[in-house]
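Per-entry structural report
This is what each chain is made of:
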Amino acid sequence: MTEVPSPPTARQEPHRIEQLGRVRVDPYAWMKDENWQAVLRDPAALRADIAEHLRAENAYANALLEPTTSLQAEILAEMKGRMKQDEMSLPVPDGAWEYYARYEPGAQHPVHARRPRGSSAGEQVLLDVQALSLGHDYYVVASAQHSPDHRLYAYAEDAQGSEVYRIQVRDLDTGETLPGPVESSTGDFAFSPDSAWIFWTWRDEHGRPTRIYRRPARGGEDVLVYQETDPGFFIGVEVSASRAWIMITCGDQETSETLLIPATDPTAAPRIAAPRVKGERYSLIHWPGGAHDRFIVHTNTGDAIDFTLMQTPVSDPDRSAWRPWVPHRPGHFIIGVTAFAGHLAWIERRDVNNRILMVPIADADAPDIRAHAAEIAVEEEAYLLSLDGSYEFDTTTLRYGYQSPTTPRHWYDYDMTTGARTLRKVQEIPSGHDSGAYVTRRLQATTPDGAQVPITVLMRTDTPTDGTAPLLLYGYGSYGHAIEASFSTRTLSLVDRGWIHAVAHVRGGSEKGRGWFLDGRGRAKPNSFTDFVACARALIATGHGSAGGIVAHGASAGGLLMGAVANLAPELFAGIIAQVPFVDMLNTMSDTSLPLTPPEWPEWGNPITDPDAYDLIAGYSPYDNLRAAAYPTILAMGGLSDPRVTYWEPAKWAARLRDVSTSANPVLCRINMEAGHGGASGRFDSLKEAALVQAFAIWAWQRARPAAVTA
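Report follows, based on the coordinates. (Residues numbered from 1 in each chain as written. Predicted model: local features only at pLDDT ≥ 70, side-chain atom pairs only at ≥ 80, totals over all residues. Heavy atoms only, no water.)

Overview of empty space enclosed by the protein
In total, this model carries three cavities of 30 Å³ or more according to the counting rule given. Reported here for the second largest cavity is a volume of approximately 70 Å³. Taken together, 14 residues make up the lining of the second largest cavity; nearest its centre are Val169, Gly180, Arg215, Ala217 and Gly219. If you list the elements that add at least two residues to the lining of the second largest cavity, you get strand 9 (165-171) and strand 12 (209-216). Among the elements that take part in the lining of the second largest cavity, strand 9 stands out by supplying three residues, more than any other. (1 Å grid on protein atoms, 1.4 Å probe; cavity = no way out; pocket = protein on both sides within 12 Å on 5 of 7 lines; lining within 4 Å. Points joined across faces, edges and corners; volume = space filled by probe spheres on them. Helix = DSSP H or I, 4+ residues; strand = E, 2+ residues; numbered from the N terminus.)

Below you can see the structure in the form of C-alpha cells.
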C-alpha cells in the first residue's frame, strides 16, 4: 500500500487583534506578506518562509491527487475534444471592416484580426496574443479595441495575474507598437470618437481605480480628467453607442453617478449628469432621433427594486427632469439596455430566465411602451438569451445568443424592422454532442423562512434519480451576480460519467430580481448559506443526491459560501471545492489597505466602525467559525498574484481546518504561483485546472461513497 504523505504543519504565531472592544486571536496571520503589494507585481518578492510553506502545500496536494493523474489527463482530453481547435468568433461589422478573433490549432491564445466587410479574404492581423504570451508563465489581454477611424489598435495586457495592466497602442498602417505605453491601469480604456485621445483608468497603490486620465492616442502627456475621492467607488470610462458622449461611470453596489463629456469637445471638463444619491443607481443610454434628443435612464429610483426606464432631455439630465418611460414591474428585472439609431432593446430577467424586448423610435412617445415592444423569448425550463455587442449604431440588426445547459450556443441576427431572424452560427462540438441525450430541469427548494430557491439541474436522460448518482452542487450568491443557464462543454465530462450537475440559485444573486440580491447581502447574508443547505436537502429528497454523497463547488464569493456550508452542514458533503475562496472575511473586511475592502462594505458591512456588522461577520466568517467537526475532503485553491481574494485566505483556512477537523478526510491547498484570481491563462491551461477540479470531485466522492446513504 502506498504511504499517505502527511500534510504540511504550519507554525502557529498567535496574533491578538482587539477591535471595537472585541478580541480575536489569529494563529496564521504570518502567512500574509507585509509587502503583499510588491508580491502582486512581482511574485518573486514573496517572503521566503511563506513561499516555502505554499510550495509544501502544493507538493502535498499533488501527492494526494497523484492517483488521479490519468483521470485528469482523460478528462482534459475530453474537454479538448469538445473545443474547436481553430475556433473563430462571428465577425462584427464596423464601417468598411469586420472584426473578429480566431485561434490557430494548438494555440493557447487568439489572434485578433479584421477583413474587408462581407469578404472572407484580405485578413489583417491586428494582434497575435499567442506570440505575445511566449516567455510568460501567465499572460492575458483583458480588453482590446480599434480606434473609430480604424487606424489604431489598443490592448491591455497583464503578465502576472495581478490585474495591473499595461495599455499598448499599435499603428495599423505600419504594424508598429507605439512607444510610451500606459502603466498601472485597471485595463479599462476608451478611444474618443474622433480617435484623437485615449481615456483610461488608473489603478492606485491599493489596487483601486481612482483616476481617469486622457492622453493623445499616439502617445504623450497624461492629463487628469477625474479623481474619485470615495475609496469604496469603482470608476470606469466608456463611449455611448451613438458616439456622441464620453461617459465616466462611478459607483458601488448601492449608489452610482455618471459624468458626461461631449464627443465634440473631448478635452472639456466632465459634468455630472445627476449627483449621486445614496441607495440610488442609474446609467444613461443616449438615444437621439425622433422628436427628441434624449437619454434613457436605467435606474432604481423611486423604490423601483427591479429597475425602471425613464427619459430625460440631453440638455437636462438631472433627476428633476426624469420622466417615466417603461414603468417598474416587480419580478421583471431590467438588467441591460442597448440603443440603436432606430430602436432600443433591453433584457428583462423573469423567474431566472431572460427575455429580450425592443421598441422602435417611432413609438418612443407612446403611452404604453411595453405594448409596442417586440419580444424574443424561449419556451424552456432553463435557458439563456444574451445581447451581443455592436460597433454600429445606425443598423436595424440586433445580434443575440441563445443557449441552454443541454444546447450549444446559437448566434442569431434579428431584423428589428421586419422581425426576420437569421441563424448565423452554432457552437461546434468537434467530438459530437447529442442534446437529446441530456435533460435540464428547474426544481425548487423551500428554505426555513419559506423562500423558494430555484435549482437548475443537468443530467443524462438515463441517469437514475434514486439517490445513487453522484451530485455536484454549485453556488455563488453575491453581488447580484446571476449564475445563468448556459452551455458548458466542461460540465459534460462529469455528466457523461453519470453525475448530476446542479446550480443552487441562492439569495445574494439576482436570478429572481434585485430583491433576491438584497435578501442575501448585509444583515441578510446568512440566507445565502441556509439556501444552499436547503437546496442540498431538496435534491436529496428528490433522489438527485444522497447525504454524504454531494460535492459542493464555489469560487471567490462562492468560496465564502463553501466555507460557510462546510461549517453549517459538513455531514451532507463528500467533498467541497473552494476556488479562490473569500473565507477570512473578518480580517479582510477590517484591512483598509486591501483593494476591495472599502468597496465591499456596502455588501457585507463595515466591522471597523459598526459593532453590529462586526458581530454579524464574526458569526459566519468561515475561518473564524471553524469548529471540532467531521469535515469532508476539501480542496482550497488560490492564486499568488490574486488582488481580489489574496493567497493567504485559502492557505490560512486549510491550516486551521486541519487543526479542528475530527475526521480523517484530507484538506488540500493548492496555490497557483503564476496566476491571479482567474486562475491559469490560456484556453488549455485553464482546462487543466478544470480537469483537476473534476478529478478531485470524483476522488472525494469515491472516498466517501461507503458512507453515502439516501436520506
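What follows continues from the structure just given.
A closer look at unusual backbone geometry
Keep in mind that most residues, glycine aside, have a negative phi and that most peptide bonds are trans. The backbone of Leu20 shows a phi angle near 55 degrees, a positive value even though the residue is not glycine. With respect to the secondary-structure elements, Leu20 resides in the loop between strand 1 (15-19) and strand 2 (22-26). Look at Ser556: it is not a glycine, yet its phi comes out positive at around 60 degrees. Looking at where Ser556 falls in the secondary structure, it is placed in the loop between strand 34 (550-555) and helix 8 (557-568).

Digging into the sheet that holds strand 35 (residues 573-579)
Strand order in the open sheet formed by eight strands is 30-31-33-32-34-35-36-37, with mixed pairing between adjacent strands. At either end of the open sheet lies a strand with only one pairing partner, and these are strand 30 (438-446) and strand 37 (667-672). Taking the axes of each pair of neighbouring strands and ignoring which way they run, one obtains an average angle of 20 degrees across the sheet. Helix 7 (residues 526-541) contacts strand 30, strand 31 (452-460), strand 32 (471-475), strand 33 (500-504), strand 34 and strand 35 of the sheet and is inclined by roughly 155 degrees relative to strand 32. Against the sheet, helix 12 (residues 648-660) makes contact with strand 35, strand 36 (633-639) and strand 37, and its axis sits at roughly 165 degrees relative to strand 37, the strand it touches most. (Pairing = 2+ DSSP bridges. Axes fitted to C-alpha atoms, helices over the stretch in contact; angles between N-to-C directions. Contact = heavy atoms within 4.5 Å.)

Topic: the nonpolar core
Where a protein is soluble and globular, its nonpolar side chains tend to be buried together. Of all hydrophobic cores here, the largest spans 78 residues; its most connected members are Leu46, Leu54 and Phe532. Residues contacting Leu54, with those up to four places away along its chain left out, are Leu46, Leu640, Tyr647, Ala651, Ile671 and Met673. Tyr474, Met637, Val693 and Ile698 belong to the second largest nonpolar core, which has 37 residues in total. (Core = buried A, V, L, I, M, F, W, Y, C linked by side-chain atoms within 4.5 Å. Buried < 20%, exposed > 50% of the residue type's maximum accessible area, 1.4 Å probe, protein only.)

Here's the deal with helix 11 (residues 611-620)
Along helix 11, the residues classified as buried are Ala613, Tyr614, Leu616, Ile617 and Tyr620. Down the axis of helix 11, the buried side of the element spans an arc of 165 degrees, and every buried residue falls inside it. Elements in contact with the buried residues of helix 11: strand 1, strand 2, helix 7, helix 8, helix 9 (585-588) and helix 10 (597-604). (Arc of directions from axis to C-beta.)

Some points on the packing of helix 7 against helix 8
Orientation of helix 7 relative to helix 8, taken along the N-to-C sense of each, is 65 degrees, at an axis distance of 9 Å. Our classification of the angle between helix 7 and helix 8 gives roughly perpendicular. Relative to helix 8, the crossing made by helix 7 is right-handed. Between helix 7 and helix 8, the contacting residues are Ser528, Phe529, Thr530, Phe532 and Val533 on the first element and Leu560, Leu561, Met562, Ala564, Val565 and Leu568 on the second. (Parallel < 35°, antiparallel > 145°, perpendicular 65-115°, else oblique. Left-handed = near helix turned anticlockwise from the far one by under 90°.)

Comments concerning the layout of surface pockets
The method is simple in principle: a probe with the dimensions of a water molecule rolls over the atoms, and the space it marks as empty is what remains. Of the voids in this model, the largest pocket is the one considered here, and its volume is about 420 Å³. Around the largest pocket sit 20 residues that line it, and Arg670, Asn672, Ala680, Lys688 and Glu689 are the ones nearest its centre. For the lining of the largest pocket, the elements supplying multiple residues, two or more each, are helix 2 (48-64), helix 3 (69-81), strand 37 and helix 13 (683-704). Broken down by element, the residue count for the lining of the largest pocket peaks at five residues, all from helix 13.

Observations concerning the sheet that holds strand 25 (residues 374-376)
One key point about sheets: their strands pair by backbone hydrogen bonds, in either a parallel or an antiparallel sense. As summarised here, the arrangement of the four strands in space is 22-23-24-25, forming an open sheet in which the pairing is antiparallel. Looking along the sheet, the strands with just one partner apiece sit at the ends: strand 22 (333-339) and strand 25. With strand direction ignored, the average angle separating the axes of adjacent strands in the sheet is 25 degrees. Inspection of the sheet shows strand 24 (residues 353-360) paired to strand 25 by three bridges, in the antiparallel sense. If you follow Met358 over to strand 25, its bridge partner there is Ala374.

A few points about helix 12
Each turn of an α-helix holds 3.6 residues, which means side chains three or four residues apart point in the same direction. Helix length check: helix 12, at 13 residues, gives a terminal C-alpha distance of 18 Å against a target of 18 Å (1.5 Å per residue), a fit within 8%. The element helix 12 is largely enclosed, with a buried count of eleven among its 13 residues. Taken together, the buried positions of helix 12 are occupied by Trp648, Glu649, Pro650, Ala651, Lys652, Trp653, Ala654, Ala655, Arg656, Leu657 and Arg658. (Expected span 1.5 Å × (residues − 1).)

A short note on the pattern of salt bridges
Inspection of every chain in the model, using the stated rule, returns 50 salt bridges. A salt bridge links Glu34 to Arg47, with the shortest nitrogen-to-oxygen separation between them at 2.8 Å. Linking Glu34 in the loop between strand 2 and helix 1 (36-41) with Arg47 in the loop between helix 1 and helix 2, this pair joins segments that are 13 residues apart in sequence. Residue Glu34 is classed as exposed on the basis of its relative accessible area, which comes to 51%. Residue classification places Arg47 among the partly exposed residues on the basis of a relative accessible area of 24%. Arg47 is paired through a salt bridge with Asp49; the nearest N and O atoms lie 2.7 Å apart. On the accessibility criterion, Asp49 (23% relative accessible area) is partly exposed. (Salt bridge = Lys/Arg side-chain N within 4 Å of Asp/Glu carboxyl O.)

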